[in-house]
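One letter stands for each residue in the lines below.
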Amino acid sequence: MNLISIENIYVNYGAKTVLHGVDLSIDEGEIVTIVGPNGSGKTSLLRAIIGATSLQKGKITLKDNLKMGYVPQRLNFDSSLPMTVERFMHLSNNINKKECFNALEKAGAPNIFKSQISQLSGGQFQRVLLARAIIDKPDILLLDEATQGLDQPGSALFYKQIEEVRRETNCAVLMISHDLHVVMSTSDRVICLNGHVCCSGTPANVASDPEYKAMFGAGTEGTLALYQHQHGHDHRDKELEHNA
Amino acid sequence: MLDDFMTRAVLAGIGVALAAAPLGCFVVWRRMAYFGEAIAHAAILGVAISLTLQISVFTGALMIALLMAWIVTLLSGKNYAMDTLLGVLAHSSLAFGLVFVSFLSGIRIDLMAYLFGDILAVSQYDLAIIWLGVILVILLMYWRWSALLISTLNEEMAYASGLNPKRDKIILTLSLAITVAVAIKVVGVLLIIAMLIIPAATARIFARTPEAMAIIAAVIGSLSAFGGLEAAYIFDTPAGPTIVCVATTSFIIFNLMGYIYKKINSIFF
């Protein structure tokens, strides 16, 4: 049974079509990473899954009582909002203190229970967001470029933590990422998105796919090109040729 | 007890302060001050219409406040920045309201009473309406408190938790409109936003959690209402503005105290 199955969805953002004909399914316990250039509809896809965006066409089926844990890129944290880690962890459900401690420990952020969220470092902050997402024992974790504020070693550590969480809880993970080396080492499956699914498969397969190379460049396994975001144009031209 | 106009005034002031506290926190956190202002200014148009149609001022103000909230939502994200849009709507609705009132010949209206409140003239009936609104707002805030906090922090996070941020935002707007409508008699349409924001901003200095901030804001707001009324009585000043002045004075004093406390801490520890 798939946790999430997405069939031929279309999503508009204003007058612009950001997703067209996307098919995708997520199985239990697998780590799936979505890569793609800016504006390729990665975030829209995630928003569609959690029900924050309405579909123009198509269908998204979630497993019955699917529990989702969402790790956002950032919070709209106004310094006018006082919030301790403890209070933040208690926000959604009736969760006892011990579960909070456990979740924070699992996420790699113990001993910051009484701290103000606004005073955490970038790494601690992302771990608290992760802890909140896993406290409810979700079937799937959704991460939207969760390591954006972190440096490379920091984000590598963070993804290690996610792998560990997956191993302990066997929850599936669907994440948007810009860090290609992370994609290569942790993901079971990579989805290359640019309005539609360009290619997908194991990290190695995707890396050697011509469509992927066209989008991200072929050199150094595409790592450099991915960081520089020099893509999209080639691909779009190709698409036009297809259509013509 | 309720025969005394001063007692009624104090109860009305404290009531508005209690509703304004949790709501004011969200206005501060979500940066909705200008939005609140637009709703409040639109209420004067509501007052004018109610006087023409001879319906209750409370109902008229509530309806127009909600209508304004709906128009803002409808127009937002179109051609203008939210800031500009609210600037147009807030001040034009005030202007239209004032012009509309001037057409009401035959009815003598004390305009100042609606702009700055007339808390000493609160009747037993007014008091009942005010407290009905206050209790409703407090219940709504209590019911949606955590949900609103989550969607304030991150809308997607709220969706993923199975919440409906759009609906919660409507509930917040509705609460704002109710508070504006019941507060007209107390501080008037021009000073309502002050009652929402100043106690909440003052409470921020002491609070470590969102709940603490709301409770402290309620205490500060209530004390300001009480102190403002006493001061207005002693100095023979207009009551609504005096309440806001007292709240602002506490804002300044506590901020200074907080600043000095931090300085001392950093020097000696």
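Structural notes, computed from the coordinates. (Residues numbered from 1 in each chain as written. Chains lettered and ligands numbered in written order. Predicted model: local features only at pLDDT ≥ 70, side-chain atom pairs only at ≥ 80, totals over all residues. Heavy atoms only, no water.)

1. Thoughts on the sheet that holds strand 7 (residues 172-176) of chain A
Residue and element names in this part refer to chain A.
Phase 1: Spatial ordering of the open sheet is given by 5-6-7-3-8-9, a layout of six strands whose pairing is mixed. Looking at which strands have only one partner, the edges of the open sheet turn out to be strand 5 (68-71) and strand 9 (197-201). Ignoring strand direction, the axes of neighbouring strands in this sheet form an average angle of 15°.
Phase 2: With four bridges connecting them, strand 5 and strand 6 (residues 140-144) associate as parallel partners. Paired with Tyr70 across the bridge in strand 6 is Leu142.
Phase 3: With respect to the sheet, helix 4 (residues 122-134) is in contact with strand 5 and strand 6, its orientation differing from that of strand 5 by roughly 170°.
Phase 4: Across the face of the sheet, helix 5 (residues 152-169) comes into contact with strand 3 (31-35), strand 6 and strand 7 while running at roughly 155° to strand 7. (Pairing = 2+ DSSP bridges. Helix = DSSP H or I, 4+ residues; strand = E, 2+ residues; numbered from the N terminus. Axes fitted to C-alpha atoms, helices over the stretch in contact; angles between N-to-C directions. Contact = heavy atoms within 4.5 Å.)

2. Focus: the interface of chain B and chain A
Phase 1: Contacts between the two partners involve 23 residues from chain B, matched on the other side by 25 residues from chain A.
Phase 2: For the pair chain B and chain A, the two sides together bury roughly 2200 Å², of which 56% comes from carbon and sulfur.
Phase 3: Sorting the residues of chain B by area buried against chain A places Leu153, Glu156 and Arg208 of chain B first, and these three jointly supply 29% of that buried surface.
Phase 4: Where chain B touches chain A, the interface holds two salt bridges.
Phase 5: For the interface between chain B and chain A, the tally reads eleven residue pairs in polar contact (both at pLDDT 80 or more).
Phase 6: When contributions to the side of chain B that touches chain A are tallied by element, the ones reaching two or more residues are helix 1 (5-29), helix 6 (124-153), helix 7 (155-160) and helix 10 (210-235) of chain B.
Phase 7: For the side of chain B that touches chain A, the leading source of residues is helix 6 of chain B, giving six residues.
Phase 8: A per-class count over the side of chain B that touches chain A returns twelve nonpolar, five polar and six charged. (Buried area = accessible area lost by both parts, 1.4 Å probe. Salt bridge = Lys/Arg side-chain N within 4 Å of Asp/Glu carboxyl O. Polar contact = N/O pair within 3.5 Å; in protein donor to acceptor, adjacent residues only side chain to side chain. Nonpolar A, V, L, I, M, F, W, Y, C, P; charged D, E, K, R; others polar.)

3. So, the packing of aromatic side chains
All names here are of chain B.
Phase 1: This model, assessed by the stated rule, comprises six aromatic pairs over all chains.
Phase 2: Relative to Trp145, the ring of Trp29 lies with its centre 6.0 Å away and its plane at 65°, an arrangement referred to as edge-to-face. Pair noted here: Trp29 is in helix 1 and Trp145 is in helix 6, with a separation of 116 residues, a long-range link. This pair shows no difference in class: Trp29 is buried, exactly as Trp145 is.
Phase 3: Judged by centre distance (5.1 Å) and plane angle (85°), the rings of Phe206 and Phe254 are edge-to-face. (Phe/Tyr/Trp six-rings, centres within 6.5 Å; stacked < 30°, edge-to-face > 60°. Buried < 20%, exposed > 50% of the residue type's maximum accessible area, 1.4 Å probe, protein only.)

4. Brief notes about helix 2 (residues 33-53) of chain B
Residue and element names in this part refer to chain B.
Phase 1: Over its 21 residues, helix 2 extends 30 Å from the first C-alpha to the last, a length consistent with the 30 Å expected when each residue adds 1.5 Å.
Phase 2: Of all 21 residues in helix 2, 15 are buried, a share of seventy percent or more.
Phase 3: Phi turns positive one or two residues past the end of helix 2, at Gln54, with a value near 55°. (Expected span 1.5 Å × (residues − 1).)

5. Here we look at the environment of Ser54 of chain A
Phase 1: Along the chain, Ser54 of chain A turns up in the loop between helix 1 (42-50) and strand 4 (57-62).
Phase 2: For the pair Ser54 of chain A and Pro110 of chain A, spaced 56 residues apart in sequence, the C-alpha to C-alpha distance is 38 Å.

6. Digging into the pattern of salt bridges
Residue and element names in this part refer to chain A.
Phase 1: Inspection of the entire model under this criterion finds ten salt bridges over all chains.
Phase 2: Ionic pairing is found between Glu30 and Arg189, a salt bridge with its closest N-O pair at 2.8 Å. With a gap of 159 residues between them, Glu30 in the loop between strand 2 (16-26) and strand 3 and Arg189 in strand 8 (residues 189-193) connect regions that are remote in the sequence.
Phase 3: Between Lys97 and Glu86 there is a salt bridge, with its nearest N and O atoms 3.5 Å apart. Taken together, the residues span a long stretch of sequence, with Lys97 in helix 3 (residues 97-106) and Glu86 in helix 2 (residues 85-89) at a distance of eleven residues.
Phase 4: By relative accessible area, which is 42% here, Lys97 ends up partly exposed.

7. Observations regarding the environment of Ala158 of chain B
Residues and elements named next belong to chain B.
Phase 1: As for its placement among the helices and strands, Ala158 is situated in helix 7.
Phase 2: Ala158 sits twelve residues away from Ser146 along the chain, and the two C-alpha atoms are 10.0 Å apart.
Phase 3: Sequence-distant contacts of Ala158, defined by excluding residues within four places in its chain, comprise Ile150, Ser151, Leu163 and Pro165.

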